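The primary structure of each chain is shown beneath.
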Amino acid sequence: LEQARAILKYLGSKFSMNPTDSYTDYLVDFYHDCLDDTYQEFYFKYLFTTGDVKADAEKRFFEKTMPVLLAKFEKTFLDEKGDLTGYLVDGQLSTADFKMCCYMDVWMMNPKRRELGEPVLKEFAPNLLRYIEQKIGGEFSEYFGDSAKRPPRTK
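Residues numbered from 1 in each chain as written. Predicted model: local features only at pLDDT ≥ 70, side-chain atom pairs only at ≥ 80, totals over all residues. Heavy atoms only, no water.

Visitor: So what exactly am I meant to see when it comes to the nonpolar core here?
Guide: Across soluble globular proteins, nonpolar side chains have a tendency to be buried as a group. In this structure, Met66, Leu70, Met100, Met104, Trp107, Met108 and Leu128 are the most contacted members of the largest nonpolar core, which totals 34 residues. Mapped by element, the contributors of at least two residues to this core are α2 (22-47), α3 (51-73), α4 (95-109), α5 (114-124) and α6 (126-139). When residues in this core are grouped by element, the largest group, eight residues, is from α4. Once residues lying within four places of it in the same chain are set aside, the contact partners of Leu70 are Met104, Met108, Val120, Leu121, Phe124, Ala125 and Leu128. (Core = buried A, V, L, I, M, F, W, Y, C linked by side-chain atoms within 4.5 Å. Buried < 20%, exposed > 50% of the residue type's maximum accessible area, 1.4 Å probe, protein only. Helix = DSSP H or I, 4+ residues; strand = E, 2+ residues; numbered from the N terminus. Contact = heavy atoms within 4.5 Å.)

Laid out in structure tokens, this is it:
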């Protein structure tokens, strides 16, 4: 199998994680697309640069791009009382949960970036941070290993 999104769709279908109604399907795609857009913005500007330009790209990503993305996500998985529903879409496990945790693990919890990412999560998306910690450190821990326990990078 090739192409991450296609594989996620396939696995979602195989394990009954794909939505059955069009609006919920839209929400899953919304998460996938927002994460992909952000990934492309960061990595094209970050990976293909060096020195100060690279450092500036990383700083801009965490100060400008991530807060906007996180604001979109922050309330979408809370119930009417403001409690976590447990999952990103419709209170049910979907491929969006796996993708969100993968991306947040790379961007925010990875030892290389945790020092930059965790404060952004705490300020702009404390509920998303709780969700990520619950998933990466708990329910999805077999997929992420000790990722949530990794210490922040040292200078």
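Visitor: I tried to follow the pattern of salt bridges on my own but got confused; where do I start?
Guide: Side-chain pairing between opposite charges can occur once the charged atoms of the two side chains come close. Here the structure, examined in full by the defined rule, presents four salt bridges. Between Lys99 and Asp36 there is a salt bridge whose closest N-O contact spans 2.7 Å. In this pair, Lys99 is assigned in helix α4 and Asp36 in helix α2, connecting sequence segments 63 residues apart. In this pair, the class of Lys99 matches that of Asp36, namely buried. Across the salt bridge formed by Glu63 and Lys59, the nearest N and O atoms sit 3.8 Å from each other. (Salt bridge = Lys/Arg side-chain N within 4 Å of Asp/Glu carboxyl O.)

Visitor: Would you explain the packing of α5 against α6 in this entry?
Guide: The description of two packed helices rests on the angle between their axes and on the distance between the axes. With their axes 5 Å apart at the nearest point, α5 and α6 run at an angle of 125 degrees to one another. Judged by the inter-axis angle, α5 sits oblique to α6. When α5 is examined against α6, the residues Glu118, Leu121, Lys122, Glu123 and Phe124 are found in contact with a partner set consisting of Pro126, Leu128, Leu129, Ile132 and Glu133. Residues belonging to the contact of α5 with α6 are distributed by class as follows: six nonpolar, no polar and four charged. (Axes fitted to C-alpha atoms, helices over the stretch in contact; angles between N-to-C directions. Parallel < 35°, antiparallel > 145°, perpendicular 65-115°, else oblique. Nonpolar A, V, L, I, M, F, W, Y, C, P; charged D, E, K, R; others polar.)

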